[in-house]
Amino acid sequence: MKKLALSDDILMEIDKPARYLGNEMNVVVKDPSKVDVRFAMCFPDVYEIGMSHLGIQILYEMLNRRDDVYCERVYSPWPDLHEIMVRDNIPLFALESQDPISDFDFLGITLQYEMCYTNILQILDLSNIPIWAKDRSDENPIVIGGGPCTYNPEPIAEFFDLFYIGEGEVCYDALLDLYKKMKNSGDYSREKFLHEASKIPGIYAPSMYEVTYNEDGTIASFGPIYDDVPRTIKRQVLMDLDSGAYPTNPIVPFMRATQDRVVLEIQRGCIRGCRFCQAGMIYRPNREKSLDVLKDYAKEMLASTGHEEISLSSLSSSDYTDLPELVNFLIDDCCGNGVNISLPSLRIDAFSLDVMSKVQDIKKSSLTFAPEAGSQRLRNVINKGLTKDDILQGAGLAFEGGWNKVKLYFMLGLPTETEEDMRAIPELGNDIAVRYYEIPKDQRNGKCQITMSTSFFVPKPFTPFQWAPMYEKGEYLRRAKIVNDTMHEQLNRKSLRYNWHEADVTVLEGLLARGDRKVSAAIYEAYKSGCIFDAWSDYFDCDKWDAAMEKTGISLDFYAYRQRDLDENLPWDFIDIEVTKDFMKREWDKAINQQVVTPNCRMQCSGCGAKSLGGGICYEGKN
Amino acid sequence: MKARIKFAKYGTMKYVGHLDIMRYFQKVIRRSGIPIKYSEGFNPHQIMSFAAPLGVGLTSSGEYMDIEMVEDIPCDEALKAISNEMVDEMEVLSFKYLPEKATNAMASVMASTYSLTYKHPQEFDFTLEELISYKKKFFDDSDEINVIKKTKKGEREVDLKPLIYDFDIVNGADIADFDDTLDKRPDIVFLINVSTGSNDNIKPEFVLYHFFKSIGIDTKERSSFYIHRIDMLTRNKDEKLISLDDVGFLV
Ligand code: SF4
C-alpha cells in the first residue's frame, strides 16, 4: 500500500480524506533519494481550491521536467485536520511522498489573495519551520513566495526567505542551479545563499534590505544592506508564451475541484488598462499564445485527463485575436462524445451569442456584464470602456435570441463615487428590463431576471488607484443601502435582484494589500489568536483581527482610510514592474481630475513603459 | 450491448468515496476511448450504473458497474484499454457482455461477501477457538437473532438470522485469495455473507456488533474493523447465489 502520513483512524475521522492522499491520476512519482532538490509547492488554501490553480500546475510541470528536482504539492489542512495535527504533533507533509515538509529544500508558497496570509503561518507552523525568517537555521527549507501578492510582499516579508517577482518560467532554473552548486560545494549557509540569490533577476531577499520610517509612519528610506545587492527588483516576464512549460498531462483530482476541466491559457496580460485592476498592469504587455499551439494542447489535454469540459483562461478572452477560430475548433473538433466547452465571460455580441446558443441551454444560462460602475462618468474614471449602449444593444440581441437572465457586476466605493453613481446601478438594471419588456409578449420567454452584485473596491499596489483612500465598513454598507433602496423605486423592481459583499473583509484586504513591514506583527498576532482560513466567511473572525491590530498598533486610519500623497515612498516602490510610476500618476490625473478614458493598447499605445520588454501587443501591427 | 465491468479498490483508494469513484470512471472511460453510449441533450452523460456503493474506508475485490456500448468490441481489448488508464490501487478485473434480459447490477445484487479484521487487535482478547464457540451459539445454533435496526424511517426490529447466509471465523493463513493489501495476514478473520440490496441491506459490521454484544463486548462498528468486500452476488434461476461476474459472457 502507498505510504500515508495520516493513520487510518485519522483519515476516517476527518472530512474528505481524499484531500490528503496524493494518489491522483497523472501525479508525478520520483525517487526522492535520487534528486538534488526537493521542492514543496504550496497553495495556502484547501485542496479543492489549490488544485484548481493553473499557475501552480505550470510550475509543477516546469520543475518536474528537471531530473534533479522533485516538486510535490501541499495544501492547507482543513481546520478539522489542523486541530488533530496540533493535538497529535503530526508534521505537515507533501502529498506525493507523504514526507514531512521539513525534509524539503524549498517550500514555495503561491500568494493569490491577501486573505490567505494567516494560512501561510499555519503551513509554516505545522511544518515545524520557524514562522519568522530570522529564526531559521541552515536545516530549514528555503521559504519562497510567488504570485500576484508579491507585488507588495512587505506585510509578509519577514515570514519569507525569498520572493520571486514575476512569471515563474524565467528564473527558477538559475535559482535552483545556484542552490545545487552551493550545496554540492559544501559552502552553503542560509545567509550566503540568500545573499547570492538576491543577485538573480526577479529574486527579492527581504533580509538583504532595510527600511527606515518617518515620524508620521511613512517610509523614509528602503535599500539593500550590501553594495552588491540590487536596489530595485525587476519583474520577470516570459515574452514568448509558446515557449513556456504547459501542463499537458495535468493531475486529475478524485474530488470535485473548483476547476474540474481542461484549462487553456490563451494569453497573458490585458490590452484594456482598467484603473482599478492590478492584473491589467502587472501582466503587461498583453501576449498571446498562438492558435496552433492551443489547438494541440486542447486535444492532448482532453486525451490525457478524460475531462468532460474545456475552458479558456485569460483576463479578457474576447480580445484574443483568433478567438472565433479557436472557439469553432473547440466546438467542431473537441466537443461531442460527452465533452462540452464552458465559455468564459465573453463580450456579448452576435458572435458570442451564436456560440453560446450552440453550447448552452439558453433557458438555463445567463448573460454576464461587468460594467463595474453604474454611470458613464464613473466608468470613464475607472477606464472601463463599456457604455450603456453596448450593454443595451448586447442584452437586446440576447433577449431576442431567447435569453432572459442577466447578471451585472459592479464595485462600490470607487474614487470620486457620488450618490448619483450609486443610484445609476439599479437604474441601469431597470433600463435593461425595459429593453426586455419591449419585446412583444408572445415572443419573449416569461419575465426577465436582472441580478446586480456589488463588491467593495480595494485599492491595489501598481494600479493608478494605488493612492486612493478606502472607507469605513459603515460607509460601504450605507452605499449598498442606497443601491438597494433605489432598486425598490424602479418600475421593473420585480425583475431586479441585488446582492452585496461583506464589508469587514474588504477593509482588512485593503490593509494587507498596501501594508508595510510593520503589518506582519498584526498578521502574526491574528494567527496566534486562532485566525486561519480568513477567506472563508465561516471562519473569518473580525473581532480577533481587530484585537490583533489594536495590540500591535496597526491602524486602519493609516493603512486603509488615508489618501496617500503622490510623492510618498510606497512600500512596493522597490519593485520595477516595467510600467512606470509616471504612467500611474498620469492615469491617476486622467481619472480623478480629467475624468477621461485612455485608449486600449490595440487602438493606441499610451507609453506605459512595458514596451521596453520588447514584445507582445506593443509591437503588434506596428512593425 | 450492455457490458459489466468488475473492479477492485484497495489501499489508499479506500478513502475515495463513491461519488468520486463514479466521476473517476467517467474520465477513465473517456480516456480509454472505448465506444460507450451517451445520453441525449445539452449535457450528455455516459450510460453507466453502479452496483451497491462501497462506503468510504472499505476495500473491495468485487465492485461492479454496467455500461452501454454503441459498438461491441472484444472483451480483452476493452479490458486492456480501461486497465491502461487506472491509477494505482484500482484494478479492472473483468469486462463481460450481458445477456439481453439481464437485470442491471444495482437491481440484481442480493448478497455480498465480506472479510473483516480487527483494526486494533489488542482490544480483543479472544482465541480463535473461543470466538468459534461463541459464534456457534450466536449464529449456528440459534433460530432467530432479533435486533433493533435504525433506518431512515425510524427503528424497527429485524431478525438477522435469515439475512446472514454465511458466518465463519478463520485464521487468515487459511484463506486462499485474501485481501493482500494488509501488511500481514491476521490471526482472526471474520467471513460474512449477508443480504444486500434495497430491501434487506445488512452491513457486516452490524452483524459483528451484535455478535460481540452477545458476549458482552461493545464495538464501534466501522472504527473497530477493517472491512473488505470480497464479492457481490445475485440469484440464478435456481435461486442459487452466484457472483455478479458470472452473469456476463466473454466475446
Ligand atoms: S507600452 Fe503601450 S502598447 Fe505596450 S503595454 Fe504599455 S500602453 Fe500598451
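1. Looking at a negative patch on the surface
Residues and elements named next belong to chain A.
Okay, step 1: On the surface, D292, D296, E300 and E325 cluster together to form a negatively charged patch.
Okay, step 2: For the negative patch, the element with the most residues is helix α9 (residues 291–305), which contributes 3 residues.
Okay, step 3: For D296, the position within the fold is in helix α9.

2. Quick notes on the sheet that holds strand β10 (residues 262–265) of chain A
Residue and element names in this part refer to chain A.
Okay, step 1: Here 3 strands make up an open sheet; going across it, the order is β10-β13-β14 and the pairing parallel. At either end of the open sheet lies a strand with only one pairing partner, and these are β10 and β14 (340–342). Between one strand axis and the next, the sheet turns by 25 degrees as a mean value, whatever way the strands run.
Okay, step 2: Pairing of β10 with strand β13 (residues 309–313) involves 4 bridges; the strand directions are parallel. Within β13, the residue paired with V262 across the bridge is I310.

3. Considerations on the layout of surface pockets
Residues and elements named next belong to chain B.
Okay, step 1: Here the second largest pocket defines a volume of roughly 920 Å³.
Okay, step 2: Lining the second largest pocket we find 27 residues, and of these K149, G197, N201, I202 and K203 sit closest to its centre.
Okay, step 3: For the lining of the second largest pocket, the secondary-structure elements that each account for two or more residues are β6 (146–151) and α5 (204–214).
Okay, step 4: Classifying every residue of the lining of the second largest pocket gives 10 nonpolar, 7 polar and 10 charged.
Okay, step 5: Two domains each put at least three residues into the lining of the second largest pocket: domain 1 (2–107) and domain 2 (111–243).

4. Describing the packing of helix α16 (residues 504–513) of chain A against helix α18 (residues 542–552) of chain A
All names here are of chain A.
Okay, step 1: Contact geometry of α16 with α18 gives a least axis separation of 11 Å together with a crossing angle of 35 degrees. Taken as a pair, α16 and α18 cross one another with a handedness that is left-handed. On the side of α16, the interface is formed by D504, L508, L511 and L512, while α18 contributes C542, W545 and M549.
Okay, step 2: Partitioned by chemical class, the residues of the contact of α16 with α18 number 6 nonpolar, no polar and 1 charged.

5. Overview of the site of the ligand
Okay, step 1: All residues adjacent to the ligand are R284(A), C601(A), C605(A), S606(A), G607(A), C608(A), A610(A), K611(A) and C618(A).
Okay, step 2: Looking at the shell around the ligand residue by residue, the classes come out as 5 nonpolar, 2 polar and 2 charged.

6. Things to note about the domain arrangement of chain B
Residue and element names in this part refer to chain B.
Okay, step 1: Here chain B is partitioned into domain 1 (2–107) and domain 2 (111–243).
Okay, step 2: If you average the C-alpha positions of domain 1 and of domain 2, the two centres end up 27 Å apart.
Okay, step 3: Between domain 1 and domain 2, the contact holds 17 residues from the first and 13 residues from the second.
Okay, step 4: Both sides of the domain 1 and domain 2 interface together cover about 1,100 Å² of buried area, and 48% of this is carbon and sulfur.
Okay, step 5: When residues of domain 1 are sorted by the area they lose upon contact with domain 2, L58, T59 and Y64 head the list and together hold 37% of the total.
Okay, step 6: Linking domain 1 with domain 2 are 2 salt bridges.
Okay, step 7: One can count 11 residue pairs in polar contact (both at pLDDT 80 or more) joining domain 1 with domain 2.
Okay, step 8: The element contributing the most residues to the side of domain 1 that touches domain 2 is strand β3 (residues 59–68), with 6 residues.
Okay, step 9: Each residue belonging to the side of domain 1 that touches domain 2 can be placed in one class, and the counts come to 8 nonpolar, 6 polar and 3 charged.

7. A few points about the nonpolar core
Okay, step 1: By size, the foremost hydrophobic cluster in this structure holds 241 residues, and its most contacted members are L107(A), F193(A), F25(B) and F95(B).
Okay, step 2: Leave out the neighbours within four places in its chain, and F193(A) touches F106(A), I142(A), L162(A), L175(A), L178(A), Y179(A), M182(A) and Y188(A).

8. Looking at unusual backbone geometry
Residues and elements named next belong to chain A.
Okay, step 1: Cis geometry marks the peptide bond from R284 to P285, where omega comes out at -10 degrees.
Okay, step 2: Mapped onto the secondary structure, P285 falls in the loop between α8 (279–282) and β12 (287–288).
Okay, step 3: The backbone of N89 sits at a positive phi, close to 60 degrees, despite the residue not being glycine.
Okay, step 4: Note that N89 resides in the loop between α4 (79–88) and β3 (106–110).
Okay, step 5: The exposure class assigned to N89 is exposed, which follows from its relative accessible area of 63%.
Okay, step 6: Of note in the backbone geometry, F533 takes a positive phi value of approximately 50 degrees without being a glycine.
Okay, step 7: Following the sequence through the fold, F533 ends up in the loop between α17 (520–528) and α18.

9. A closer look at the pattern of salt bridges
All names here are of chain A.
Okay, step 1: All told, the structure shown has 70 salt bridges over all chains when counted by the stated rule.
Okay, step 2: Here D68 ties to R66 by a salt bridge, and the two come within 2.9 Å at their closest N and O atoms. Note on accessibility: D68 and R66 belong to one class, buried.
Okay, step 3: It is possible to trace a salt-bridge network through shared partners that takes in D36, R66, D68, D173, D177 and K180.

10. Some details on the packing of aromatic side chains
Okay, step 1: Inspection of every chain in the model, using the stated rule, returns 57 aromatic pairs over all chains.
Okay, step 2: Centroid distance F124(B) to F212(B): 5.1 Å. Interplanar angle 55 degrees. Geometry classified as tilted. Remark: F212(B) occurs in helix α5 and F124(B) occurs in the loop between β5 (111–118) and α4 (128–140); sequence separation between them is 88 residues. No difference in accessibility class separates F124(B) from F212(B), as the two residues are buried.
Okay, step 3: An angle of 90 degrees between the planes, with centres 6.4 Å apart, marks the rings of F138(B) and F167(B) as edge-to-face. Taken together, the residues F138(B) in helix α4 and F167(B) in strand β8 (residues 164–170) connect sequence positions 29 residues apart. Summarising the burial analysis for this pair, F138(B) and F167(B) share the class buried.
Okay, step 4: By the ring-pair criterion, three or more aromatic residues cluster together here, those being Y118(B), F124(B), F126(B), Y134(B), F138(B), F139(B), F167(B), F190(B), F211(B), F212(B) and F225(B).
Okay, step 5: A cation sits over an aromatic face here: R479(A) above Y471(A), 4.1 Å from the ring centre.

The rules behind the values
- Residues numbered from 1 in each chain as written.
- Chains lettered and ligands numbered in written order.
- Predicted model: local features only at pLDDT ≥ 70, side-chain atom pairs only at ≥ 80, totals over all residues.
- Heavy atoms only, no water.
- Patch = residues over 30% accessible without salt bridge, like charges linked within 9 Å, V, L, I, M, F, W, Y side chains within 5 Å.
- Areas by Shrake-Rupley, 256 points an atom, 1.4 Å probe, with all protein chains shown as cover.
- Salt bridge = Lys/Arg side-chain N within 4 Å of Asp/Glu carboxyl O.
- Lys, Arg positive; Asp, Glu negative; His and termini not counted.
- Charge placed at Lys NZ, Arg CZ, Asp CG, Glu CD.
- Helix = DSSP H or I, 4+ residues; strand = E, 2+ residues; numbered from the N terminus.
- Pairing = 2+ DSSP bridges.
- Axes fitted to C-alpha atoms, helices over the stretch in contact; angles between N-to-C directions.
- 1 Å grid on protein atoms, 1.4 Å probe; cavity = no way out; pocket = protein on both sides within 12 Å on 5 of 7 lines; lining within 4 Å.
- Points joined across faces, edges and corners; volume = space filled by probe spheres on them.
- Nonpolar A, V, L, I, M, F, W, Y, C, P; charged D, E, K, R; others polar.
- Domains from an automatic or database assignment.
- Left-handed = near helix turned anticlockwise from the far one by under 90°.
- Contact = heavy atoms within 4.5 Å.
- Near = heavy atom within 4 Å.
- Buried area = accessible area lost by both parts, 1.4 Å probe.
- Polar contact = N/O pair within 3.5 Å; in protein donor to acceptor, adjacent residues only side chain to side chain.
- Core = buried A, V, L, I, M, F, W, Y, C linked by side-chain atoms within 4.5 Å.
- Buried < 20%, exposed > 50% of the residue type's maximum accessible area, 1.4 Å probe, protein only.
- Phe/Tyr/Trp six-rings, centres within 6.5 Å; stacked < 30°, edge-to-face > 60°.
- Lys NZ or Arg CZ within 6 Å of the ring centre and 35° of its normal.

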